[in-house]
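# Architecture at a glance
Here is what each chain is made of, one letter per residue.
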Amino acid sequence: MNAPIYLGVNVDHVATVRQARGTTYPDPVHAALIAEQAGADGITMHLREDRRHIQDHDIERFAASTQTKLNFEMAATAEMQALALRIKPRDVCLVPEKREELTTEGGLDVSANLDRITELTTALSESGIRTSLFIDPDPHQIDATRQAGAPVIELHTGRYAEADDDSARAQELAALQHAATYAHDLGLIVNAGHGLHYHNVQPIAAIGCIHELNIGHGLIARALFAGIEVATRDMKRLMIDARAHHV
Ligand code: PXP
């Protein structure tokens, strides 16, 4: 039997709309609770250092009311570490962060930052928090993740999502398939995300050893027209169908 596949809904861009006007609406926590009811298996929020979308109070309010789990995405800074240890989300996903980027542009360089990432992973783990490292589909980064003691990776699907043509997309898909299998065989839990939407999610969901997909922009964009409930249900259905037909 095929392993199940889980959907983490990233609600950052609900907060983007709110922050554009400095209002109290739309509330990303409200969106997160509806997504949970519609079948999301978890909610991701990225508290960026510049607070451009999610705010500290969003993390606090959602952590206190989640029915599923919070995946707290953050940079490996002392400020974010202190916050994570106070809020105690189920999962922390460590990402690289540059102020000028539009969104997270590449995976973490785990081997180049091994000491800091190991120290942070250990501190989080001692507090009962599971650490995931957001990395490119590169076996060296997977080896470094294991060295750092993190039990989970999230494979960066951005290059696959942004591929210019079918041949480049097939090449990126093959790299993701290979990396997912390599990491899974080492005993890591393998998640994936970035740039996934209704038209490109199924080949990724069909990779049998991928555990969870974290999806934000495409799903929130669909929710503008369909509502967050339908957007969440439709995405989960596509993922489950792709996994069911995987051989
Ligand atoms: N996973 C990680 C680690 C991310 O940084 C992001 C973007 O915040 C996502 C998943 C979701 O990407 P998207 O918004 O393109 O679906």
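Look up: the structure comes first, before these words.
Structure report, in brief.

Taken together, 13 residues surround the ligand, and among them Glu73, Glu154, Gly195, Gly216 and His217 come closest. Between Glu154 and the ligand, the recorded distance is 2.5 Å, taken from a side-chain N or O atom to a nitrogen atom. Between Gly195 and the ligand, the recorded distance is 2.8 Å, taken from a backbone N or O atom to an oxygen atom. With the chains in place, 94% of the 400 Å² that the ligand exposes on its own is no longer accessible. A breakdown of the residues in the shell around the ligand according to their chemical character gives three nonpolar, seven polar and three charged.

What follows deals with the sheet that holds strand 2 (residues 42-46). Around the barrel, which closes on itself, the eight strands sit in the order 1-2-3-4-5-6-7-8 with parallel pairing between neighbours. Sheet twist, expressed as the mean angle between neighbouring strand axes with direction ignored, is 25°. Pairing analysis gives four bridges linking strand 4 (residues 91-94) to strand 5 (residues 130-135), with the strands arranged parallel. The residue bridging Asp91 from the neighbouring strand is Arg130, located in strand 5. This element, helix 4 (residues 78-87), spans strand 3 (70-74) and strand 4 of the sheet and lies at about 165° to strand 3.

Within helix 1 (residues 12-21), the full set of buried residues consists of Asp12, Val14, Ala15 and Arg18. Looking down the long axis of helix 1, one finds its buried residues gathered within 150° of arc, a one-sided arrangement. Residues of helix 1 that are exposed and point over 90 degrees away from its buried face: Ala20 and Arg21. The first or second residue beyond helix 1 is Gly22, which carries a positive phi of 65°.

In the case of a regular strand, side chains alternate between the two sheet surfaces. In terms of residue burial, strand 1 (residues 6-10) counts as a mostly covered element, since four of its five residues are buried. The pairing of strand 1 with strand 8 (residues 210-215) spans four bridges and is classified as parallel. Bridge pairing in strand 8 links Tyr6 to Glu212. Across three bridges, strand 1 lies against strand 2 in parallel orientation. If you follow Val9 over to strand 2, its bridge partner there is Ile43.

Moving on to unusual backbone geometry. In this structure, Pro26 follows Tyr25 across a cis peptide bond, with omega equal to -10°. Here Pro26 shows up in the loop between helix 1 and helix 2 (28-37). Non-glycine residue His194 carries a positive phi angle of around 110°.

Our focus in this paragraph is the packing of helix 6 (residues 139-148) against helix 8 (residues 166-185). Where helix 6 contacts helix 8, the two axes come as close as 10 Å, and the packing angle between them is 25°. Judged by the angle between their axes, helix 6 and helix 8 are roughly parallel. As helix 6 packs across helix 8, the resulting crossing turns out to be right-handed. Contact with helix 6, carried on its side by Pro139, Ile142 and Asp143, involves His178, Ala179, Tyr182 and Ala183 of helix 8 and no other residues of that element. A class-by-class count of the residues in the contact of helix 6 with helix 8 yields five nonpolar, one polar and one charged.

What follows is about the side chain of Glu97. Mapped onto the elements, Glu97 comes out in the loop between strand 4 and helix 5 (114-126). Here Glu97 sits buried without a salt bridge, and the closest side chain of opposite charge, Arg48, lies 4.4 Å off (N-O distance). Here His46 takes part through its side chain, which lies 2.9 Å from a polar atom of the side chain of Glu97. Among the polar contacts made by the side chain of Glu97, one reaches the main-chain amide nitrogen of Glu49 at a distance of 2.7 Å. Ignoring sequence-local partners within four residues, the contact set of Glu97 consists of His46, Leu47, Arg48, Glu49 and Ala75.

Here we take up the environment of Gly193. Tracing the sequence through the fold places Gly193 in strand 7 (residues 189-193). Relative accessible area serves as the criterion here: at 0%, Gly193 is assigned to the buried category. Beyond its immediate stretch of four places on either side in the chain, Gly193 contacts Phe134, Glu154, Leu155, His156, Thr157 and Asn214.

Conventions adopted
Residues numbered from 1 in each chain as written. Predicted model: local features only at pLDDT ≥ 70, side-chain atom pairs only at ≥ 80, totals over all residues. Heavy atoms only, no water. Near = heavy atom within 4 Å. Polar contact = N/O pair within 3.5 Å; in protein donor to acceptor, adjacent residues only side chain to side chain. Areas by Shrake-Rupley, 256 points an atom, 1.4 Å probe, with all protein chains shown as cover. Nonpolar A, V, L, I, M, F, W, Y, C, P; charged D, E, K, R; others polar. Pairing = 2+ DSSP bridges. Helix = DSSP H or I, 4+ residues; strand = E, 2+ residues; numbered from the N terminus. Axes fitted to C-alpha atoms, helices over the stretch in contact; angles between N-to-C directions. Contact = heavy atoms within 4.5 Å. Buried < 20%, exposed > 50% of the residue type's maximum accessible area, 1.4 Å probe, protein only. Arc of directions from axis to C-beta. Parallel < 35°, antiparallel > 145°, perpendicular 65-115°, else oblique. Left-handed = near helix turned anticlockwise from the far one by under 90°. Lys, Arg positive; Asp, Glu negative; His and termini not counted. Salt bridge = Lys/Arg side-chain N within 4 Å of Asp/Glu carboxyl O.

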